[in-house]
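If you want the building blocks of each chain, they are given just below.
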Amino acid sequence: MPSKESWSGRKTNRPAVHKSKRENRQQDVLIAALGMKLGSQKSSVTIWQPLKLFAYSQLTSLVRRATLKENEQIPKYEKVHNFKVHTFRGPHWCEYCANFMWGLIAQGVKCADCGLNVHKQCSKMVPNDCKPDLKHVKKVYSCDLTTLVKAHITKRPMVVDMCIREIESRGLNSEGLYRVSGFSDLIEDVKMAFDRDGEKADISVNMYEDINIITGALKLYFRDLPIPLITYDAYPKFIDSAKTLDPDEQLETLHEALKLLPPAHCETLRYLMAHLKRVTLHEKENLMNAENLGIVFGPTLMRSPELDAMAALNDIRCFVHKEHSWISTWKGP
């Protein structure tokens, strides 16, 4: 039978034993949360996988915040939702009014760019705060320009940035730049590469030695835009500016026209014009002056909203006649 002294000694040491066990358990929890091995176990402990995922999410959040801090200069473009009538499977609630969507078919509308689900009547009250998701925006060419830049969180479409960087790095002295056509099959190949890989598309000299392939891909991007770079709303004002004879009045009208462009369109046009001006600085080598570039890009950047082909052709001729002077003196809005 144990003595009274030994029993009291064991009782005194019990808190220390419990403390040691508690510290060991805390260490085990931390090790398990990090997915490390416990003692002599051969397999990773996964009972605290949620905690591990939470730690990863916090790290990811920090990285995202750092990335956003680097991209503070990227403007916040406003974009309307691209609602289309949709038939929902199973019960659905409107994400605007939070009420149930009744019916078996066409219960409401869904934004094709961000996936927002609302009643048809509620869609008229939803603010222009569409945030396109890359899982919905599955192509680059033939995609609305503002939708593309918001989905990729960039100032301009990556096609424009990447093509212009490639052209300026190795093609400014190429004779007939933008005027000479590249092989159409290879231009189509570049288009598919952007649609498939986005900003990871390889358009380097190792893939496409002929710079005319890259210029052709850039022009094709602008031609394929569902809404032209110079939008239908701004088209009449640009034509008025081209037809104005007084230089001061023409400049004022041009500034008014630029204000009608969506911010993403205006920024892309500014960047393109600055690039074309740099092209003209190598006119002796590439034989492409501002007038030649105006002839190439006039029909590419704008399309008439009117159905009258002859009227549209006359407008384009007038615009091209003035565009070369805009390229030469471009300073932006």
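What counts, and where the lines are drawn
Residues numbered from 1 in each chain as written. Predicted model: local features only at pLDDT ≥ 70, side-chain atom pairs only at ≥ 80, totals over all residues. Heavy atoms only, no water. Axes fitted to C-alpha atoms, helices over the stretch in contact; angles between N-to-C directions. Helix = DSSP H or I, 4+ residues; strand = E, 2+ residues; numbered from the N terminus. Parallel < 35°, antiparallel > 145°, perpendicular 65-115°, else oblique. Left-handed = near helix turned anticlockwise from the far one by under 90°. Contact = heavy atoms within 4.5 Å. Nonpolar A, V, L, I, M, F, W, Y, C, P; charged D, E, K, R; others polar. pLDDT = per-residue confidence, 0-100. Expected span 1.5 Å × (residues − 1). Buried < 20%, exposed > 50% of the residue type's maximum accessible area, 1.4 Å probe, protein only. Core = buried A, V, L, I, M, F, W, Y, C linked by side-chain atoms within 4.5 Å. 1 Å grid on protein atoms, 1.4 Å probe; cavity = no way out; pocket = protein on both sides within 12 Å on 5 of 7 lines; lining within 4 Å. Points joined across faces, edges and corners; volume = space filled by probe spheres on them. Domains from an automatic or database assignment. Phe/Tyr/Trp six-rings, centres within 6.5 Å; stacked < 30°, edge-to-face > 60°. Lys NZ or Arg CZ within 6 Å of the ring centre and 35° of its normal.

The chain has the name N-chimaerin in an unreviewed UniProt entry, where Sarcophilus harrisii is given as its organism.

**Q** Explain the packing of helix α7 (residues 235-243) against helix α8 (residues 247-259) here, please?
**A** A pair of packed helices is captured by two measures, namely the crossing angle of their axes and the spacing between those axes. Where α7 meets α8, the axes come as close as 8 Å, and the angle between the chain directions of the two elements is 170°. Accordingly, the angle class assigned to the pair α7 and α8 is roughly antiparallel. Here α7 and α8 pass one another in a crossing that is left-handed. In this structure, α7 uses Lys237, Phe238, Asp240, Ser241 and Ala242 to contact α8, whose residues at the interface are Gln250, Thr253, Leu254, Glu256, Ala257 and Leu258. Here the residues of the contact of α7 with α8 sort into five nonpolar, three polar and three charged.

**Q** Explain the confidence of the model for the chain to me, please; I cannot follow it from the model alone.
**A** Caution applies to low-pLDDT regions: their predicted coordinates should not be interpreted in detail. Overall, the prediction assigns the chain a mean pLDDT of 78, with 69% of residues at 70 or greater. Low pLDDT (under 50) marks residues 67-72, which in the prediction has zero contacts with non-local residues, meaning those over four places away or in another chain.

**Q** Teacher, can you tell me more about helix α9 (residues 263-280) here?
**A** Two residues of an α-helix separated by three or four positions point the same way, owing to the 3.6 residues in each turn. Over its 18 residues, α9 extends 26 Å from the first C-alpha to the last, a length consistent with the 26 Å expected when each residue adds 1.5 Å. Across the 18 residues of α9, 13 count as buried, placing the element largely inside the fold.

**Q** Sorry, what's going on with the nonpolar core here?
**A** Most often, soluble globular proteins have nonpolar side chains that are buried together. Core analysis: the biggest nonpolar cluster contains 59 residues, and Tyr178, Phe194, Tyr221, Phe222, Phe238, Leu269 and Leu301 have the highest contact counts within it. For this core, the secondary-structure elements that each account for two or more residues are α3 (145-152), α4 (158-170), α5 (184-197), α6 (211-224), α7, α8, α9 and α11 (290-301). Once you skip the residues sitting within four places of it in the chain, Tyr178 turns out to touch Ile167, Thr215, Leu218, Lys219, His275, Leu276, Val279, Leu293, Val296 and Phe297. Formed by 10 residues, the second largest nonpolar core is a distinct cluster that contains Cys94, Cys111, Cys122 and Cys130.

**Q** I would appreciate a short explanation of the layout of surface pockets in the present structure.
**A** Gaps left between atoms show up when a probe the size of a water molecule is rolled over them. Estimated volume of the second largest pocket: approximately 380 Å³. When grouped by side-chain class, the residues that make up the lining of the second largest pocket number five nonpolar, seven polar and six charged. Two domains each put at least three residues into the lining of the second largest pocket: domain 1 (76-136) and domain 2 (158-325).

**Q** Please clarify how the packing of α9 against α11 should be interpreted in this entry.
**A** Remark: α9 packs on α11, axes separated minimally by 10 Å, with the N-to-C direction vectors making an angle of 155°. Here α9 lies roughly antiparallel to α11, going by the angle between them. As α9 runs across α11, the sense of the crossing is right-handed. Within the contact between the two elements, α9 uses Leu269, Leu272, Met273, Leu276, Val279 and Thr280 and α11 uses Ala290, Leu293, Phe297 and Leu301. Residues that form the contact of α9 with α11 fall into these classes: nine nonpolar, one polar and no charged.

**Q** Please clarify how the packing of aromatic side chains should be interpreted in this entry.
**A** Geometry of an aromatic ring pair is reported as the spacing of the ring centres plus the angle between the planes. Counted under the stated rule, the structure contains six aromatic pairs. Considering the side-chain rings of Phe100 and Trp102, the 4.6 Å spacing of their centres and the 70° angle between planes classify their relative orientation as edge-to-face. Between the aromatic rings of Tyr141 and Tyr221, the centroid separation amounts to 5.6 Å while the plane-to-plane angle is 90°, which identifies the pairing as edge-to-face. Highlighted residues: Tyr141 in the loop between β3 (117-118) and α3 and Tyr221 in helix α6, separated in sequence by 80 residues. You can call Tyr141 buried: its relative accessible area is 1%. In textbook terms, an aromatic cluster arises when at least three aromatic residues are bridged by ring pairs, as seen for Tyr141, Phe194, Tyr221 and Phe222. It is Arg156 that lies over the ring of Tyr271; its NZ or CZ is 3.8 Å from the centre.

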